[in-house]
Amino acid sequence: MPVADSSSLSSLIRTLGNSLGRVISAQEGRPVLDLEENVRLLAKEFRQLGDPAQADRLESLVAGLPLPELVRLIKSFTHYFGLVNLSEKIDERRARRQGDLAASGPRPGSLDEAVATLKREGVAAEDLRALLDRALVQPVLTAHPTESKRRTVLKKLHRIAAAAGHLQEEGLLAEEKDEWARLVDEELVGLWQSDEVRPVKPGVLGEVRSNLYYFEESIFRVVPRLYRDLEIALKAHYPGADWNLPPLLRFGSWIGGDRDGNPYVTAEVTVETLLEMKRAAVKLHLEALRHLTHRLSPSVQQVEVLPELRESLEREAETFPALALDLAHTFPFELYRQKCLAIREKLKRTLDFAERASRQAPNPAEWPAEGTWYFGARALVEDLELMERSLRANHGEELADGLLKDLKRQAQVFGLHLAKLDLRQHSGRHAAALDEILRHAGAHESYASLSEEAKCALLERELEGRRPLVPARLPYSAPTREVLETFRAMAMALEQWDPDCMETFVLSFTQGASDVLGTLLLAREAGLFDPEGRLTGRPSSRLNIAPLFESLADLGNAPAVMQRLLDSPPYRRHLRLRGNTQEVMLGYSDSNKEAGYLAAQWALYRAQVELAAQAGRAGLVLRLFHGRGGSIARGGGPASRAILAQPPRTVNGCLKLTEQGEVISDHYSEAEDTRRHLEQILGAVLRQSFAPPGAAGEADWGRVMTTLAGRSVKAYQGLVRGQPGFLDYFLQATPIDVIRRLRIGSRPAARSREQDISQLRAIPWVFSWMQNRHTLQGWYGLGAAVEAFLEDPEGPFGGGPEERLGMLKDMYRRWPFFQTLLDNAQMVLSKADMEIAGRYARLVPDEDLRARVFGLFRAEHERSCRAVFQVTGASSLLESEPDLRRSLLLRNPYIDPLSFIQVELLKRLRSAEGGPEKEALEEAVLLTINGLAAGLKNTG
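Quantities reported herein were computed from a predicted structural model and do not represent experimental measurements. Along each chain, residues carry numbers from 1 onward, in the same order as the chain's sequence is written. Residues qualify for local features only when their pLDDT is at least 70, as the model is predicted, and side-chain atom pairs are given and counted only at 80 or more; totals for whole chains, interfaces and linings, by contrast, use all residues. Each side-chain value is derived from all of the structure's non-hydrogen atoms; neither hydrogens nor water enter the calculation.

1. Digging into the overall build of the protein chain
Each helix and strand counted, the protein chain has 38 helices and 11 strands in total. Taking 940 residues into account, the globule formula puts the C-alpha radius of gyration at 30 Å, and the protein chain, at 29 Å, falls close to it. Dimensions of the protein chain, computed from the C-alpha atoms along their principal axes, are close to 85 × 80 × 65 Å. Three labels apply to residues, based on accessible area from a 1.4 Å probe with only protein chains included: buried if under 20% of the type maximum, exposed if over 50%, partly exposed otherwise in between. Considering the protein chain as a whole, with its 940 residues, one finds that 59% of them fall into the buried category. In what follows, a contact means two residues having at least one pair of non-hydrogen atoms within 4.5 Å. A separation threshold of at least 6 residues defines the contact pool for the protein chain, and within that pool the share at least 24 residues apart is 82%. Taken as a whole, the protein chain presents about 36,800 Å² of accessible surface, with 50% of it coming from carbon and sulfur. Going along the chain from the N terminus, every DSSP run of H or I of four or more residues is numbered as a helix, and every run of E of two or more is numbered as a strand. As defined in this context, the radius of gyration uses C-alpha atoms, and a globule is described by 2.2 Å times the residue total to the power 0.38. Working definition of accessibility: Shrake-Rupley area with a 1.4 Å probe, residue cover restricted to the visible protein chains.

2. Re the packing of aromatic side chains
For this analysis, a ring pair means two rings from Phe, Tyr or Trp (six-membered ring only for Trp) whose centres lie within 6.5 Å, classed as stacked if their planes differ by under 30 degrees, edge-to-face if by over 60, and tilted for the remaining angles. Per the stated rule, a full pass over the model turns up 28 aromatic pairs. Centre to centre, the rings of Y605 and W815 are 5.7 Å apart; their planes meet at 90°, and the pair counts as edge-to-face. Here Y605 is found in helix α24 (residues 597-618), whereas its partner W815 is found in the loop between α33 (801-814) and α34 (816-831), with 210 residues between them in sequence. Taken as a pair, Y605 and W815 share a single burial class, namely buried. An aromatic cluster is built from F726, Y729, F730, W765, W769, W779, Y780 and F857, whose rings are joined through pairwise contacts. Between the NZ or CZ atom of K75 and the centre of the ring of W192, over which it lies, the distance is 4.3 Å. The lysine or arginine in question, K656, covers the ring of F625, its NZ or CZ lying 4.6 Å from the ring centre. Charge-over-ring contacts are defined here by two conditions on Lys NZ or Arg CZ: a distance within 6 Å of the ring centre and an angle within 35 degrees of the ring normal.

3. Some words on the pairing of strand β10 (residues 621-627)
Within β10, 6 of the 7 residues are buried, which leaves the element mostly enclosed by the surrounding structure. A pair of strands counts as paired when DSSP detects no fewer than two bridges linking them. Pairing of strand β9 (residues 581-587) with β10 involves 7 bridges; the strand directions are parallel. By the bridge assignment, L586 is partnered in β10 with H626. As paired strands, β10 and strand β11 (residues 654-659) are joined by 2 bridges and run parallel to one another. Following the sheet pairing, H626 is matched in β11 by L657.

4. Describing helix α37 (residues 882-911)
For α37, with 30 residues, the first-to-last C-alpha span of 43 Å sits near the 44 Å given by 1.5 Å per residue. Of all the bends found along α37, the most pronounced is centred on N892 and spans about 50°, while P893, a proline, follows it within four residues. In this analysis, the expected span of each helix is defined as 1.5 Å times one less than the number of residues it contains. The angle separating two fitted axes, one through the seven residues that finish at a residue and one through the seven that start at it, defines the bend at that residue.

5. Topic: the side chain of D406
Here D406 shows up in helix α16 (residues 403-414). The buried category is assigned to D406, whose relative accessible area is 15%. Apart from the residues lying within four places of it in its own chain, the contact partners of D406 are P224 and R228.

6. As for the environment of E69
Mapped onto the fold, E69 is located in helix α4 (residues 67-102). Separated by 52 residues in sequence, E69 and E121 place their C-alpha atoms 61 Å apart.

7. Considering the nonpolar core
Side-chain atoms within 4.5 Å are what join buried Ala, Val, Leu, Ile, Met, Phe, Trp, Tyr and Cys residues into a set we call a nonpolar core. By size, the foremost hydrophobic cluster in this structure holds 150 residues, and its most contacted members are F251, M387 and F487. Take this core: its biggest share by element is 14 residues, from helix α9 (residues 204-237). Counting residues in hydrophobic clusters, the runner-up holds 127 residues, among them F730, M834, Y840 and V925.

8. Points about a negative patch on the surface
A cluster of acidic residues, E169, E175, E176 and D178, forms a negative patch on the protein surface. In this structure, E176 sits in helix α8 (residues 174-192). Here, patches come from residues exposed beyond 30% relative accessible area and free of salt bridges, joined within 9 Å for like charges and within 5 Å for nonpolar side chains (Val, Leu, Ile, Met, Phe, Trp, Tyr). Each reported salt bridge corresponds to a side-chain nitrogen of Lys or Arg within 4 Å of a carboxyl oxygen of Asp or Glu. The charge count includes Lys and Arg as positive and Asp and Glu as negative, but it does not include His or the ends of the chains. Throughout, a charge is located at the NZ atom of Lys, the CZ atom of Arg, the CG atom of Asp or the CD atom of Glu.

9. Focus: the confidence of the model for the protein chain
When pLDDT is averaged across the protein chain, the result is 90; 94% of the residues are at 70 or more. On a scale of 0 to 100, pLDDT captures the predictor's confidence in every residue. Of all helices and strands in the protein chain, the one with the weakest mean pLDDT is helix α12 (residues 321-330) (81), whereas helix α20 (residues 513-525) scores best (98). Considering only residues more than four positions removed or in separate chains, one finds that residues 631-636, a stretch of pLDDT under 50, has 33 contacts.

10. What about the side chain of R524?
Here R524 shows up in helix α20. A polar contact is formed between the side chain of R524 and the backbone oxygen of E462, at a distance of 2.4 Å. Those residues within four positions of R524 in sequence are excluded, and the remaining contacts are E462, L463, G465, R467, L469 and F529. Polar contact criterion, stated in full: a pair of N or O atoms within 3.5 Å, where within protein one must be able to donate a hydrogen and the other to accept it, and residues adjacent in sequence count only if both atoms are side-chain atoms.

11. Notes on the pairing of strand β5 (residues 504-508)
For β5, the buried fraction is high: 5 of the 5 residues fall into the buried class. Of the two faces of β5, the one lined by T504, V506 and S508 and the one lined by F505 and L507 are each fully buried. Pairing analysis gives 4 bridges linking strand β4 (residues 423-426) to β5, with the strands arranged parallel. Along β5, the bridge assignment pairs Q425 with L507. Two elements, β5 and strand β8 (residues 544-549), share 4 bridges in a ladder whose sense is parallel. Within the sheet, the bridge partner assigned to T504 lies in β8 and is N544.

12. Re the sheet that holds β4
The 9 strands are arranged β3-β2-β1-β11-β10-β9-β8-β5-β4 in an open sheet whose pairing can be described as parallel. Edge positions in the sheet fall to β3 (420-421) and β4, since each has one partner strand and no second.

13. Structural notes on the pattern of salt bridges
Should their charged atoms come close, side chains of opposite charge can pair. One pass over the full model with this rule turns up 69 salt bridges. With its nearest N and O atoms 3.1 Å apart, the salt bridge here joins R72 to E28. Remark: E28 occurs in helix α1 (residues 6-28) and R72 occurs in helix α4; sequence separation between them is 44 residues. Relative accessible area serves as the criterion here: at 28%, R72 is assigned to the partly exposed category. Exposure remark for E28: the relative accessible area of 30% places this residue in the partly exposed category. A salt bridge links E460 to R564, with the shortest nitrogen-to-oxygen separation between them at 3.1 Å. Here E460 is found in helix α18 (residues 452-464), whereas its partner R564 is found in helix α21 (residues 552-566), with 104 residues between them in sequence. Exposure remark for E460: the relative accessible area of 14% places this residue in the buried category. A single salt-bridge network, built from bridges that share partners, covers E231, E388, R392, D401, K405, K408 and R409.

14. Quick notes on unusual backbone geometry
Even without being glycine, T775 reaches a positive phi, approximately 50°. Following the sequence through the fold, T775 ends up in the loop between α31 (762-771) and α32 (782-791). We classify T775 as buried; its relative accessible area is 0%. Positive phi values are uncommon outside glycine, yet L878 reaches one of about 60°. Among the structural elements, L878 can be located in the loop between α36 (847-872) and α37.

Put into structure tokens, the structure is as follows:
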């Protein structure tokens, strides 16, 4: 990876920082800017000298400032982080481009490099073609609440980035430079005068619209370029082979479909979500079609067209007589333009029908006539392919390979739904609904009281039988009605709107096969599972059911659960109707919260290995769905490294992964970043799918990891579960009381109102520990595990500490999984700061509790850093990542003051009695949370 030019980056940061300084001075007065500089210099001296006395001076200064001045400081530092983030992105693109130009071979990180690697490693064209034919790479965008920036702010930052990028260009005229600088100042003034955090909590549909921004801004435009890049690479490295790429890259969404713990996601909201996505998809296709219409000007007076095209236009003239008259007058000889406008009319009618159907279910007589609208994207693709064939048959290959091919790719990838909407619900909600349904139907008086095997047997009998369990009118409690209405809404959308808009139901906290069989029975009651074809005359199952294994115990039990399902005749029938494809989701968040970073990562690795082997024996295609977050604790970190670190033979061309929170804006706000991110994911999937079985010694390494994981979880749970008063420490030393009230997501922060860590969601748990600079979720237990492994003379591995350390060093050098695990831990360790964490610890009034718990944090941080240095051979954290290390050094003088301010504000907030003063303090704390999230990055 090209290393950024620090002088270039510093220059850009200085330019934008000076602009921000002018804005602050003009908007708030010179004393505010002077105060910001004084605070920054104190923080810088504290970092350089490492002197706690400097920290005390900073703490004292902050404590003496009134709230309005603290708010101005928060705004100043937060906006600076936004500009630093932008500058790093701009300079990274510049450095990358310079590296690309200097490279003698394929561009580093490109699809060309990935294909060249496969060719060099001896992958045959037919094997690669077979993989591509079955491949599916699907990023899934979610609304998990770790993105604290408003859409308004994102757009302003986007425009600042564009102007700042131009300021970096060489050869600008003086007036051009002045104009770009003026635009930066204009946007900064608008930013300064805007609300940084949302004034109200977003609704679900607001979240849907916010994430559609990324499709509109970059994803929709970038995808055709990626396919073209892959085709070019394949033809270059495998000349003579025939390549016809299927739509292997697609997108998914959870927003409006994820109802686990979110009471605001109802069946009605899901239907409205699908409609919003259809509106956006049709709008984007219409815009692309407009450009294509301008481009496709061949006239039949100059060149012929295929008879099929003429025939299709004749049929459409009968369907749209008024349009046909207009076209005959406007484009009498330009038949491709006529076809484009006929497609436009069908798209409009498609959306119109969906709008009407969402308000009231249409009867058969109200359905549009065949050929007048698109039920799914297949007919749209066929219309585009007809034009493509006609152009190729009449010397128009260049036109066929241009915008027309791009639009065809967009239709194949995005369909008329933009992204497949996954639905998710907690298994407990389904179990409660089934208990009521089965009792009402006379099938069993108490389903909930049955053993796991008895539940499975009962569900299988019902799945094998023919009697319906659920009447048309639902005589059940509100929660059960909501479960059934969700399945009915899915059936309606798939039958009336688009057969491709949904595909997967994710079942949270799957603990037994009965959870999955119960969901299949609910699907059958809505007509989504019809194994005998009684509804349509053809057997069908229209839904993948993806069990989500999250806890340590559930990950370990996953193969047993799946084996019971594979032994179930009705479930195997369902799998055959789904092409013998089984999707399984792995949860990174809850396993980490329960067991700590190292143990959770190893449990996830082992589950993948065992599930892949099991699927292979059963003749199934296994599609693993990785529930990754932005933070390392939740599976975050560089996506391509994470993919290459997956166990061999577990990817096989299929990868589904969540994109969450601030990661979405980081990867998808700018087209160039989107292209880079997606090509790295695609390239890593291709390479990992052909990875060798594993390095020699990996079996021993696995035993080492099992030992390390056991010792790590003992240390982690000894802190989180074993320390008396730990819950109080967490509640008092973190800003969790304010994070619970953050207005950055529609979903509640906890599953219940109980003051219990087990009820708190993993996202606010991680967010809280990042804010107070403890960052335990990404390293706690690592040091204790390595230390115990090296010093245990009774262990099963023999040898002394030096021999065992040599084994760990060998694992780090040769095993991508272990290398990625330690490198990610380094990043989180580098964002921890025990001096500042100690300031948060002082918020705990119980001195004994504070000293005891924080003492454990400090000692384990030292052990974990020492372990990293021993195994990697480094003398400091991030020694092999100079750009990241420099980035943290740039940020610390601005992050540290925000931490001191947050601590001071939490003191004032918790002693305030209520009223306007308390509300103002809470708003100020929310601003610090927003600022620290921007400064630390990868926070959730």
